Amino acid sequence: MRPHIRPIGGMAFLLLSTFFWAAEGRGDPPTAPPAAEVTYTPLARPGAAASVTVSQPPLDAASRIPSSVAPASPPPVTTVVDAQHAGAEVAPSSRRKKHYYLGLSADVGLPDGALLGLAILPNHWLRLSLAGGTNSAAWGGRLGLTFLPLGFGPSLSFEAGRYGATKTNAMMRSFFNVPSWVDPYVQEIGYSYLNSQLGFDLRLGQFLLYLHGGYSYIAGVIRAPQPVNVTGTSGAVLYQVHLVEEGRVSVHTWSLKAALVFLFAGI
Amino acid sequence: MRAHPLLFAIFCSCAPSVEADFDAVEITYPDLAAPAYLGPTNSAVIPQVSFSFELDSKSLGASSIPANQNRIQSAAIYRLALVAKAGVSDLSFLRTVQIVASLPPSRQQPLAPTPQILIANYTRADESPVGGIFHMPIPMPVNILPLLRPNQSDQRKIVVTFTVGGTLPRTGWKADVVMGMSASLKD
(Lines give C-alpha, C1' and ligand atoms only; values in the text may rest on other atoms or scores of the structure.)
Protein backbone atom coordinates (compact mmCIF):
# COMPACT_ATOMS: atom_id res chain seq x y z
CA MET A 1 0.00 0.00 0.00
CA ARG A 2 1.45 3.34 -0.99
CA PRO A 3 1.21 6.00 1.67
CA HIS A 4 -0.23 9.34 0.60
CA ILE A 5 1.54 12.56 1.33
CA ARG A 6 -0.94 15.39 1.44
CA PRO A 7 0.62 18.57 0.11
CA ILE A 8 -2.05 20.58 1.88
CA GLY A 9 -0.58 19.46 5.20
CA GLY A 10 2.82 20.82 4.26
CA MET A 11 1.28 24.06 3.09
CA ALA A 12 -0.66 24.42 6.31
CA PHE A 13 2.49 23.83 8.30
CA LEU A 14 4.33 26.45 6.23
CA LEU A 15 1.55 28.97 6.72
CA LEU A 16 1.45 28.24 10.43
CA SER A 17 5.20 28.71 10.64
CA THR A 18 4.92 32.01 8.78
CA PHE A 19 2.19 33.15 11.13
CA PHE A 20 4.25 32.41 14.19
CA TRP A 21 7.30 33.96 12.53
CA ALA A 22 5.29 37.15 12.25
CA ALA A 23 4.01 36.81 15.80
CA GLU A 24 7.55 36.38 17.04
CA GLY A 25 8.36 39.87 15.72
CA ARG A 26 11.05 38.67 13.37
CA GLY A 27 8.84 39.42 10.46
CA ASP A 28 7.58 42.78 11.58
CA PRO A 29 5.30 44.29 8.98
CA PRO A 30 7.27 46.97 7.10
CA THR A 31 6.37 50.52 8.02
CA ALA A 32 7.14 53.82 6.31
CA PRO A 33 10.15 55.60 7.76
CA PRO A 34 9.16 58.73 9.65
CA ALA A 35 11.56 60.96 7.82
CA ALA A 36 12.65 61.19 4.26
CA GLU A 37 15.33 63.70 5.17
CA VAL A 38 16.93 63.62 8.60
CA THR A 39 18.93 66.56 9.81
CA TYR A 40 21.24 65.94 12.76
CA THR A 41 21.94 69.12 14.73
CA PRO A 42 24.62 68.99 17.45
CA LEU A 43 23.28 70.67 20.63
CA ALA A 44 25.23 73.16 22.78
CA ARG A 45 28.24 72.89 20.59
CA PRO A 46 29.04 76.47 19.61
CA GLY A 47 31.33 76.72 16.72
CA ALA A 48 30.59 73.26 15.47
CA ALA A 49 29.06 72.53 12.17
CA ALA A 50 25.46 73.63 12.18
CA SER A 51 24.03 70.42 10.89
CA VAL A 52 24.55 67.28 8.84
CA THR A 53 21.89 66.46 6.33
CA VAL A 54 21.27 62.94 5.15
CA SER A 55 18.96 62.47 2.25
CA GLN A 56 16.96 59.29 2.00
CA PRO A 57 13.97 58.67 -0.18
CA PRO A 58 10.88 57.54 1.78
CA LEU A 59 10.00 53.88 1.32
CA ASP A 60 6.67 52.48 0.42
CA ALA A 61 5.06 50.64 3.32
CA ALA A 62 4.36 47.42 1.48
CA SER A 63 7.34 46.93 -0.77
CA ARG A 64 10.04 49.20 0.63
CA ILE A 65 10.61 50.63 -2.79
CA PRO A 66 11.32 54.32 -3.21
CA SER A 67 8.19 56.43 -3.01
CA SER A 68 9.01 57.96 -6.31
CA VAL A 69 7.91 54.66 -7.78
CA ALA A 70 5.00 53.97 -5.42
CA PRO A 71 1.83 56.03 -5.51
CA ALA A 72 0.51 58.18 -2.67
CA SER A 73 3.82 58.45 -0.83
CA PRO A 74 3.85 60.61 2.31
CA PRO A 75 5.34 64.11 2.11
CA PRO A 76 8.96 64.57 3.25
CA VAL A 77 9.39 65.36 6.91
CA THR A 78 12.32 67.09 8.57
CA THR A 79 13.21 66.05 12.10
CA VAL A 80 15.90 67.52 14.34
CA VAL A 81 17.53 65.02 16.68
CA ASP A 82 20.50 65.02 19.00
CA ALA A 83 23.37 63.60 17.00
CA GLN A 84 24.96 62.07 20.13
CA HIS A 85 21.83 59.97 20.72
CA ALA A 86 20.87 59.38 17.17
CA GLY A 87 22.49 55.99 17.01
CA ALA A 88 20.38 54.71 19.91
CA GLU A 89 17.23 56.09 18.38
CA VAL A 90 17.53 54.39 15.04
CA ALA A 91 19.58 51.27 15.84
CA PRO A 92 17.82 48.23 14.31
CA SER A 93 18.88 46.03 17.23
CA SER A 94 16.39 47.81 19.47
CA ARG A 95 13.53 46.10 17.62
CA ARG A 96 15.04 42.58 17.97
CA LYS A 97 13.57 40.14 20.41
CA LYS A 98 15.40 39.67 23.67
CA HIS A 99 17.48 36.50 23.78
CA TYR A 100 17.28 34.45 26.96
CA TYR A 101 20.13 32.16 27.77
CA LEU A 102 18.51 30.02 30.47
CA GLY A 103 15.15 28.46 31.18
CA LEU A 104 13.37 26.34 33.74
CA SER A 105 11.37 23.59 32.10
CA ALA A 106 8.53 21.28 33.10
CA ASP A 107 7.50 18.54 30.75
CA VAL A 108 5.44 15.40 30.65
CA GLY A 109 5.42 12.60 28.14
CA LEU A 110 6.13 9.01 27.27
CA PRO A 111 8.51 7.37 27.90
CA ASP A 112 10.01 10.40 29.64
CA GLY A 113 7.61 10.68 32.55
CA ALA A 114 7.27 14.03 34.32
CA LEU A 115 10.45 16.07 34.59
CA LEU A 116 11.72 19.43 35.76
CA GLY A 117 14.88 20.76 34.26
CA LEU A 118 17.21 23.47 33.15
CA ALA A 119 17.37 24.68 29.56
CA ILE A 120 20.45 26.35 28.18
CA LEU A 121 20.09 28.41 25.00
CA PRO A 122 23.54 29.38 23.73
CA ASN A 123 21.95 30.87 20.62
CA HIS A 124 18.57 31.16 18.96
CA TRP A 125 18.79 27.86 17.05
CA LEU A 126 20.08 25.53 19.76
CA ARG A 127 18.72 24.47 23.14
CA LEU A 128 20.40 22.10 25.57
CA SER A 129 18.45 20.57 28.41
CA LEU A 130 19.17 18.73 31.60
CA ALA A 131 16.17 17.37 33.48
CA GLY A 132 15.26 15.09 36.33
CA GLY A 133 11.94 13.56 37.28
CA THR A 134 9.92 10.46 37.78
CA ASN A 135 8.02 7.86 35.81
CA SER A 136 5.80 7.40 38.90
CA ALA A 137 7.89 4.47 40.14
CA ALA A 138 11.51 5.63 39.98
CA TRP A 139 13.61 8.76 39.73
CA GLY A 140 15.57 9.39 36.60
CA GLY A 141 17.24 11.93 34.40
CA ARG A 142 17.49 13.07 30.82
CA LEU A 143 19.86 15.03 28.59
CA GLY A 144 18.63 16.69 25.44
CA LEU A 145 19.61 18.68 22.40
CA THR A 146 17.09 20.64 20.35
CA PHE A 147 17.72 22.33 17.02
CA LEU A 148 15.46 25.21 15.99
CA PRO A 149 16.47 26.22 12.48
CA LEU A 150 14.24 29.30 12.56
CA GLY A 151 14.80 30.09 16.22
CA PHE A 152 11.25 28.97 16.99
CA GLY A 153 8.58 26.84 15.37
CA PRO A 154 9.77 23.58 13.80
CA SER A 155 12.29 21.74 15.92
CA LEU A 156 14.33 18.56 15.93
CA SER A 157 15.27 17.00 19.25
CA PHE A 158 17.55 14.22 20.39
CA GLU A 159 17.38 13.06 23.98
CA ALA A 160 18.71 10.28 26.19
CA GLY A 161 17.27 9.34 29.55
CA ARG A 162 17.33 6.64 32.15
CA TYR A 163 15.21 5.29 34.99
CA GLY A 164 16.70 2.79 37.42
CA ALA A 165 15.02 -0.56 38.01
CA THR A 166 12.40 -0.38 40.71
CA LYS A 167 9.17 -1.99 41.76
CA THR A 168 6.40 -1.44 39.26
CA ASN A 169 3.11 0.20 40.14
CA ALA A 170 -0.32 0.39 38.56
CA MET A 171 0.54 3.45 36.47
CA MET A 172 3.65 1.81 35.06
CA ARG A 173 1.69 -1.33 34.27
CA SER A 174 -0.95 0.68 32.45
CA PHE A 175 1.65 2.39 30.27
CA PHE A 176 3.76 -0.69 29.64
CA ASN A 177 1.06 -3.17 28.85
CA VAL A 178 2.21 -6.80 28.65
CA PRO A 179 0.38 -10.07 28.00
CA SER A 180 -1.43 -11.34 31.08
CA TRP A 181 0.79 -14.39 31.46
CA VAL A 182 3.91 -12.17 31.53
CA ASP A 183 2.44 -9.76 34.06
CA PRO A 184 3.41 -11.71 37.22
CA TYR A 185 7.04 -11.69 36.11
CA VAL A 186 7.17 -7.91 35.67
CA GLN A 187 7.84 -7.10 39.32
CA GLU A 188 10.60 -4.57 38.76
CA ILE A 189 11.36 -2.58 35.66
CA GLY A 190 14.00 -0.09 34.65
CA TYR A 191 14.92 1.41 31.33
CA SER A 192 17.05 3.75 29.31
CA TYR A 193 15.65 5.53 26.30
CA LEU A 194 16.61 7.54 23.25
CA ASN A 195 14.20 10.00 21.68
CA SER A 196 14.36 11.54 18.25
CA GLN A 197 11.44 13.88 17.88
CA LEU A 198 10.06 16.54 15.61
CA GLY A 199 8.00 19.26 17.13
CA PHE A 200 6.79 22.80 17.25
CA ASP A 201 8.13 25.35 19.71
CA LEU A 202 6.09 28.48 20.38
CA ARG A 203 7.58 31.44 22.21
CA LEU A 204 5.21 33.70 24.14
CA GLY A 205 7.22 36.40 25.86
CA GLN A 206 9.32 34.74 28.48
CA PHE A 207 7.53 31.44 28.06
CA LEU A 208 8.23 28.70 25.59
CA LEU A 209 5.66 26.02 24.86
CA TYR A 210 6.44 23.00 22.82
CA LEU A 211 4.97 19.73 21.68
CA HIS A 212 7.39 17.10 20.44
CA GLY A 213 6.59 13.71 18.97
CA GLY A 214 8.60 11.04 17.26
CA TYR A 215 10.37 7.78 17.65
CA SER A 216 11.88 6.29 20.78
CA TYR A 217 14.07 3.30 21.45
CA ILE A 218 13.78 1.85 24.94
CA ALA A 219 16.22 -0.69 26.38
CA GLY A 220 14.96 -2.07 29.66
CA VAL A 221 15.30 -4.81 32.20
CA ILE A 222 12.60 -6.87 33.88
CA ARG A 223 13.23 -8.45 37.23
CA ALA A 224 11.21 -10.83 39.37
CA PRO A 225 12.92 -11.16 42.74
CA GLN A 226 9.98 -13.14 44.09
CA PRO A 227 9.22 -16.51 42.49
CA VAL A 228 5.87 -16.69 40.74
CA ASN A 229 3.64 -19.39 42.18
CA VAL A 230 1.57 -21.29 39.64
CA THR A 231 -1.49 -22.67 41.35
CA GLY A 232 -3.90 -25.41 40.41
CA THR A 233 -7.67 -25.33 40.40
CA SER A 234 -7.71 -25.99 44.14
CA GLY A 235 -5.47 -23.00 44.78
CA ALA A 236 -2.55 -25.10 45.93
CA VAL A 237 0.88 -24.14 44.60
CA LEU A 238 1.85 -26.58 41.87
CA TYR A 239 5.24 -25.15 41.00
CA GLN A 240 7.27 -21.97 41.01
CA VAL A 241 8.75 -19.96 38.17
CA HIS A 242 11.72 -17.75 38.98
CA LEU A 243 13.64 -15.31 36.80
CA VAL A 244 17.18 -16.18 37.86
CA GLU A 245 18.58 -13.46 35.64
CA GLU A 246 16.86 -10.25 34.65
CA GLY A 247 15.06 -10.24 31.33
CA ARG A 248 16.21 -7.80 28.66
CA VAL A 249 13.59 -5.84 26.76
CA SER A 250 13.96 -3.59 23.75
CA VAL A 251 11.11 -1.48 22.48
CA HIS A 252 10.77 0.62 19.33
CA THR A 253 7.82 2.93 19.69
CA TRP A 254 6.31 6.33 19.11
CA SER A 255 6.72 8.97 21.77
CA LEU A 256 5.17 12.29 22.71
CA LYS A 257 6.06 15.12 25.03
CA ALA A 258 4.59 18.50 25.99
CA ALA A 259 6.52 21.14 27.88
CA LEU A 260 6.51 24.64 29.29
CA VAL A 261 9.78 26.56 29.69
CA PHE A 262 10.17 29.79 31.62
CA LEU A 263 13.03 31.77 30.11
CA PHE A 264 15.31 34.06 32.06
CA ALA A 265 18.80 35.57 32.03
CA GLY A 266 18.16 37.46 28.85
CA ILE A 267 19.95 40.33 27.15
CA MET B 1 6.82 11.03 -5.75
CA ARG B 2 10.16 9.40 -5.09
CA ALA B 3 9.91 10.20 -1.41
CA HIS B 4 7.03 7.79 -0.89
CA PRO B 5 8.99 4.51 -0.64
CA LEU B 6 11.56 6.14 1.61
CA LEU B 7 8.93 7.57 3.94
CA PHE B 8 7.12 4.25 3.95
CA ALA B 9 10.35 2.44 4.86
CA ILE B 10 11.00 4.90 7.68
CA PHE B 11 7.45 4.50 8.91
CA CYS B 12 7.70 0.70 8.89
CA SER B 13 11.07 0.70 10.64
CA CYS B 14 9.63 2.91 13.38
CA ALA B 15 6.46 0.85 13.87
CA PRO B 16 6.11 -0.10 17.52
CA SER B 17 7.68 -3.41 18.40
CA VAL B 18 8.79 -5.16 21.57
CA GLU B 19 11.42 -7.84 22.02
CA ALA B 20 12.26 -9.58 25.27
CA ASP B 21 14.93 -12.13 26.12
CA PHE B 22 14.89 -14.23 29.26
CA ASP B 23 18.11 -16.19 29.46
CA ALA B 24 17.57 -17.88 32.81
CA VAL B 25 14.10 -18.87 33.91
CA GLU B 26 13.93 -21.56 36.55
CA ILE B 27 10.90 -23.78 37.04
CA THR B 28 10.84 -25.70 40.30
CA TYR B 29 8.33 -28.49 40.72
CA PRO B 30 8.46 -29.44 44.40
CA ASP B 31 8.10 -32.83 46.00
CA LEU B 32 7.63 -34.91 42.88
CA ALA B 33 6.74 -38.37 44.15
CA ALA B 34 8.55 -41.38 42.71
CA PRO B 35 7.00 -44.78 43.36
CA ALA B 36 8.75 -47.60 45.13
CA TYR B 37 10.25 -50.29 42.92
CA LEU B 38 8.50 -53.56 43.69
CA GLY B 39 9.87 -55.73 40.88
CA PRO B 40 12.60 -58.37 40.89
CA THR B 41 16.13 -57.27 41.74
CA ASN B 42 18.14 -60.08 40.23
CA SER B 43 16.97 -59.48 36.68
CA ALA B 44 19.49 -58.71 33.95
CA VAL B 45 17.37 -55.76 33.02
CA ILE B 46 17.94 -52.53 34.92
CA PRO B 47 14.93 -51.91 37.18
CA GLN B 48 12.93 -48.90 36.07
CA VAL B 49 10.06 -46.77 37.40
CA SER B 50 8.18 -43.92 35.75
CA PHE B 51 6.58 -40.87 37.23
CA SER B 52 5.42 -37.58 35.83
CA PHE B 53 4.14 -34.11 36.58
CA GLU B 54 2.19 -31.51 34.67
CA LEU B 55 2.97 -27.90 33.88
CA ASP B 56 0.26 -25.40 33.05
CA SER B 57 1.50 -24.30 29.66
CA LYS B 58 -0.57 -21.09 29.83
CA SER B 59 1.83 -19.87 32.51
CA LEU B 60 4.58 -20.21 29.93
CA GLY B 61 2.66 -18.37 27.23
CA ALA B 62 1.10 -21.28 25.37
CA SER B 63 -1.81 -20.31 23.16
CA SER B 64 -3.76 -21.82 20.30
CA ILE B 65 -4.18 -18.41 18.66
CA PRO B 66 -1.61 -18.10 15.87
CA ALA B 67 -0.97 -14.41 16.52
CA ASN B 68 -0.15 -15.17 20.14
CA GLN B 69 1.88 -18.22 19.24
CA ASN B 70 4.14 -16.11 17.09
CA ARG B 71 4.94 -13.88 20.05
CA ILE B 72 7.12 -16.64 21.48
CA GLN B 73 10.16 -16.80 19.24
CA SER B 74 12.04 -19.47 21.14
CA ALA B 75 11.79 -21.59 24.26
CA ALA B 76 14.41 -24.10 25.28
CA ILE B 77 15.41 -26.20 28.27
CA TYR B 78 19.12 -26.06 28.98
CA ARG B 79 19.35 -27.43 32.52
CA LEU B 80 17.62 -30.08 34.57
CA ALA B 81 18.28 -31.33 38.08
CA LEU B 82 16.69 -33.59 40.68
CA VAL B 83 17.04 -32.59 44.33
CA ALA B 84 16.38 -35.33 46.90
CA LYS B 85 13.70 -34.25 49.36
CA ALA B 86 12.22 -37.27 51.14
CA GLY B 87 12.77 -41.03 51.30
CA VAL B 88 16.32 -40.76 49.96
CA SER B 89 19.23 -38.44 50.62
CA ASP B 90 21.61 -39.67 47.95
CA LEU B 91 20.64 -40.11 44.32
CA SER B 92 23.66 -42.29 43.46
CA PHE B 93 21.32 -45.21 42.81
CA LEU B 94 20.24 -43.58 39.52
CA ARG B 95 21.86 -45.22 36.50
CA THR B 96 19.60 -44.19 33.65
CA VAL B 97 17.28 -41.23 33.33
CA GLN B 98 14.99 -40.51 30.40
CA ILE B 99 12.83 -37.38 30.37
CA VAL B 100 10.11 -36.76 27.82
CA ALA B 101 7.88 -33.69 27.59
CA SER B 102 4.61 -34.04 25.73
CA LEU B 103 1.15 -32.66 25.33
CA PRO B 104 -1.53 -34.87 26.90
CA PRO B 105 -4.01 -36.52 24.51
CA SER B 106 -6.72 -34.23 23.22
CA ARG B 107 -10.10 -34.64 24.89
CA GLN B 108 -11.89 -34.48 21.54
CA GLN B 109 -9.44 -36.74 19.73
CA PRO B 110 -7.83 -39.02 22.35
CA LEU B 111 -6.13 -41.17 19.75
CA ALA B 112 -4.63 -38.34 17.75
CA PRO B 113 -0.83 -38.05 18.04
CA THR B 114 0.51 -35.20 20.11
CA PRO B 115 3.98 -33.63 20.11
CA GLN B 116 6.58 -35.41 22.22
CA ILE B 117 10.05 -34.05 22.86
CA LEU B 118 12.92 -36.01 24.34
CA ILE B 119 14.62 -33.70 26.78
CA ALA B 120 17.27 -36.09 28.07
CA ASN B 121 18.31 -39.72 27.73
CA TYR B 122 21.21 -40.24 30.06
CA THR B 123 23.16 -43.25 31.23
CA ARG B 124 25.57 -42.65 34.07
CA ALA B 125 28.83 -44.52 33.52
CA ASP B 126 30.96 -43.51 36.46
CA GLU B 127 30.58 -44.87 39.98
CA SER B 128 31.28 -41.63 41.81
CA PRO B 129 28.70 -40.64 44.41
CA VAL B 130 26.07 -38.14 43.26
CA GLY B 131 24.85 -36.77 46.57
CA GLY B 132 21.53 -35.07 47.08
CA ILE B 133 21.46 -33.19 43.77
CA PHE B 134 21.55 -34.99 40.45
CA HIS B 135 22.44 -32.66 37.57
CA MET B 136 21.26 -34.00 34.25
CA PRO B 137 23.73 -33.25 31.46
CA ILE B 138 21.95 -31.53 28.55
CA PRO B 139 24.63 -30.92 25.91
CA MET B 140 22.41 -28.74 23.71
CA PRO B 141 19.37 -26.68 24.70
CA VAL B 142 16.22 -28.59 23.82
CA ASN B 143 13.62 -26.65 21.85
CA ILE B 144 10.17 -27.00 23.46
CA LEU B 145 8.44 -24.43 21.27
CA PRO B 146 6.11 -27.04 19.69
CA LEU B 147 4.66 -27.71 23.15
CA LEU B 148 3.75 -24.03 23.50
CA ARG B 149 1.82 -24.00 20.24
CA PRO B 150 -1.10 -26.32 20.91
CA ASN B 151 -4.06 -26.81 18.61
CA GLN B 152 -7.55 -25.67 19.53
CA SER B 153 -8.39 -29.18 20.76
CA ASP B 154 -5.18 -29.72 22.77
CA GLN B 155 -5.11 -29.26 26.49
CA ARG B 156 -3.05 -26.38 27.86
CA LYS B 157 -0.71 -28.70 29.72
CA ILE B 158 2.75 -30.12 29.34
CA VAL B 159 3.36 -33.54 30.83
CA VAL B 160 6.96 -34.22 31.85
CA THR B 161 7.58 -37.93 32.30
CA PHE B 162 10.63 -39.34 34.07
CA THR B 163 11.76 -42.91 33.58
CA VAL B 164 14.60 -43.71 35.94
CA GLY B 165 16.57 -46.93 36.28
CA GLY B 166 19.17 -48.24 38.67
CA THR B 167 19.29 -49.77 42.12
CA LEU B 168 15.94 -48.29 42.97
CA PRO B 169 14.65 -47.89 46.53
CA ARG B 170 11.95 -50.27 47.75
CA THR B 171 10.10 -47.35 49.24
CA GLY B 172 8.67 -44.23 47.64
CA TRP B 173 10.82 -41.14 47.55
CA LYS B 174 10.40 -37.48 46.65
CA ALA B 175 12.53 -34.99 44.78
CA ASP B 176 12.28 -31.44 43.54
CA VAL B 177 12.65 -31.02 39.81
CA VAL B 178 14.48 -27.89 38.69
CA MET B 179 14.38 -26.95 35.02
CA GLY B 180 16.37 -24.10 33.54
CA MET B 181 14.77 -22.46 30.52
CA SER B 182 15.44 -19.64 28.15
CA ALA B 183 12.86 -17.83 26.08
CA SER B 184 12.56 -14.91 23.72
CA LEU B 185 9.41 -13.00 22.92
CA LYS B 186 8.48 -10.58 20.16
CA ASP B 187 5.38 -8.49 19.68
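Since we're looking at a predicted model, the values are computed, not measured.

A. Representation of the overall build of chain B within the structure. When you go through chain B residue by residue, the secondary structure sums to 2 helices and 9 strands. For chain B, the N- to C-terminal ordering of α and β elements is α-β-β-α-β-β-β-β-β-β-β. Against the compact-globule benchmark of 16 Å for 187 residues, chain B has a radius of gyration of 21 Å, which places it well outside the compact range. On the principal axes, the C-alpha backbone points of chain B span a range of 85 × 40 × 25 Å. By the burial criterion, 46% of the 187 residues in chain B qualify as buried. When the accessible area of chain B is evaluated, it comes to approximately 9600 Å², of which 58% is carbon and sulfur surface. Looking at charge distribution, chain B has the averaged site of its 14 positive side-chain charges lying 6 Å from that of its 13 negative ones.

B. Focus on the interface of chain B and chain A. If you look at the interface, chain B gives 32 residues, while chain A gives 27 residues. Taking both sides of the interface into account, the surface hidden between chain B and chain A amounts to around 2700 Å²; carbon and sulfur atoms contribute 61%. Between the two partners, chain B and chain A, sit 2 salt bridges. If you look at where chain B meets chain A, you find 11 residue pairs in polar contact (both at pLDDT 80 or more).

C. Region of the structure containing the sheet that holds strand 4 (residues 94-102) of chain B. Residue and element names in this part refer to chain B. Taken in spatial order, the 4 strands of this open sheet run 2-8-4-5, and their pairing is antiparallel. Two strands in the sheet have a free side with no partner beyond their single neighbour: strand 2 (48-56) and strand 5 (116-123). Sheet twist, expressed as the mean angle between neighbouring strand axes with direction ignored, is 15 degrees. Here strand 4 pairs with strand 5 via 7 bridges, running antiparallel. Residue Gln-98 lies in a different strand from strand 5, and its bridge partner there is Asn-121.

D. Fine view of the side chain of Lys257(A). All names here are of chain A. For Lys-257, the position within the fold is in strand 13 (residues 247-266). Taking relative accessible area as the criterion, Lys-257 reaches 0% and is therefore assigned buried. A polar atom in the side chain of Lys-257 sits 2.6 Å from the side chain of Glu-159. Lys-257 has contacts with Asp-107, Val-108, Gly-109, Asp-112, Arg-142, Glu-159, Asn-195, Gln-197, Tyr-210, Leu-211 and His-212, leaving out every residue within four places of it along the chain.

E. Expanded view of the pairing of strand 2 of chain B. Residues and elements named next belong to chain B. Only one face of strand 2 is covered, namely the one carrying Val-49, Phe-51, Phe-53 and Leu-55; the face carrying Gln-48, Ser-50, Ser-52, Glu-54 and Asp-56 has none of its residues buried. With 9 bridges connecting them, strand 2 and strand 8 (residues 157-166) associate as antiparallel partners. Its bridge partner being in strand 8, Ser-50 is matched across the sheet by Thr-163.

F. Looking closely at the packing of aromatic side chains. Residue and element names in this part refer to chain A. Taken as a whole and judged by the stated rule, the model has 13 aromatic pairs over all chains. Seen in terms of ring centroids, Trp-125 and Phe-147 are 6.4 Å apart; in terms of plane orientation they differ by 10 degrees. Their pairing is stacked. Placement of Trp-125 in the loop between strand 5 (113-123) and strand 6 (126-134) and of Phe-147 in strand 7 (residues 139-147) is noted, with a sequence separation of 22 residues between them. Residue Trp-125 is classed as partly exposed on the basis of its relative accessible area, which comes to 39%. According to the relative accessible area criterion, Phe-147 is partly exposed, its value standing at 29%. When the ring of Tyr-163 is compared with that of Tyr-193, the centres are 6.4 Å apart and the planes differ by 25 degrees; the resulting orientation is stacked.

G. Summary view of the confidence of the model for chain A. All names here are of chain A. Chain-level pLDDT for chain A is 75 on average; 64% of the residues reach the 70-or-more range. In the predicted structure, residues 1-73 sits below a pLDDT of 50 and forms 91 contacts with residues beyond four places in sequence or in another chain. Low pLDDT, under 50, characterises residues 77-90; the predicted model gives this stretch 22 contacts beyond four residues in sequence or across chains.

H. Seen up close, the environment of Phe262(A). Residue and element names in this part refer to chain A. Here Phe-262 lies in strand 13. For Phe-262, a relative accessible area of 33% translates into the label partly exposed. The spacing of Phe-262 and Val-241 is 21 residues in sequence and 50 Å in space, taken between C-alpha atoms. Ignoring anything within four residues of it in the chain, the contact list for Phe-262 reads Leu-102, Gly-103, Leu-104, Gln-206 and Phe-207.

I. Main features of the environment of Asn68(B). By the secondary structure assignment, Asn68(B) is in helix 2 (residues 66-69). With 118 residues separating them along the chain, Asn68(B) and Lys186(B) place their C-alpha atoms 9.8 Å apart.

J. Fine view of the pattern of salt bridges. Residues and elements named next belong to chain A. Tallying each qualifying case throughout the model produces 19 salt bridges over all chains. Its salt-bridge partner being Asp-112, residue Arg-142 comes within 2.9 Å of it at the nearest N-O pair. Taken together, the positions of Arg-142 in strand 7 and Asp-112 in the loop between strand 4 (100-110) and strand 5 put the pair 30 residues apart, joining distant regions of the chain. Classification of Arg-142 by relative accessible area gives buried; the value is 3%. The class for Asp-112 is buried, based on a relative accessible area of 0%. With a shortest N-O distance of 2.8 Å, Asp-201 and Arg-127 are connected by a salt bridge. Of the two residues, Asp-201 sits in strand 9 (residues 188-204) while Arg-127 sits in strand 6, which places them 74 residues apart along the sequence. Take Asp-201 and Arg-127: they sit in the same class, and that class is buried. Counted as one network, the salt bridges with shared partners bring together Asp-107, Asp-112, Arg-142, Glu-159 and Lys-257.

K. Examining the pairing of strand 1 (residues 17-34) of chain B more closely. When strand 12 (residues 237-243) of chain A meets strand 1 of chain B, the two strands line up antiparallel, connected through 4 bridges. Counterpart to Gln240(A) in the pairing with strand 1 of chain B is Thr28(B). As paired elements, strand 13 of chain A and strand 1 of chain B share 5 bridges and run antiparallel to each other. The partner of Arg248(A) across the bridge, within strand 1 of chain B, is Asp21(B).

Calculation rules
Residues numbered from 1 in each chain as written. Chains lettered and ligands numbered in written order. Predicted model: local features only at pLDDT ≥ 70, side-chain atom pairs only at ≥ 80, totals over all residues. Heavy atoms only, no water. Helix = DSSP H or I, 4+ residues; strand = E, 2+ residues; numbered from the N terminus. Rg over C-alpha atoms; globule rule 2.2 N^0.38 Å. Buried < 20%, exposed > 50% of the residue type's maximum accessible area, 1.4 Å probe, protein only. Areas by Shrake-Rupley, 256 points an atom, 1.4 Å probe, with all protein chains shown as cover. Lys, Arg positive; Asp, Glu negative; His and termini not counted. Charge placed at Lys NZ, Arg CZ, Asp CG, Glu CD. Contact = heavy atoms within 4.5 Å. Buried area = accessible area lost by both parts, 1.4 Å probe. Salt bridge = Lys/Arg side-chain N within 4 Å of Asp/Glu carboxyl O. Polar contact = N/O pair within 3.5 Å; in protein donor to acceptor, adjacent residues only side chain to side chain. Pairing = 2+ DSSP bridges. Axes fitted to C-alpha atoms, helices over the stretch in contact; angles between N-to-C directions. Phe/Tyr/Trp six-rings, centres within 6.5 Å; stacked < 30°, edge-to-face > 60°. pLDDT = per-residue confidence, 0-100.

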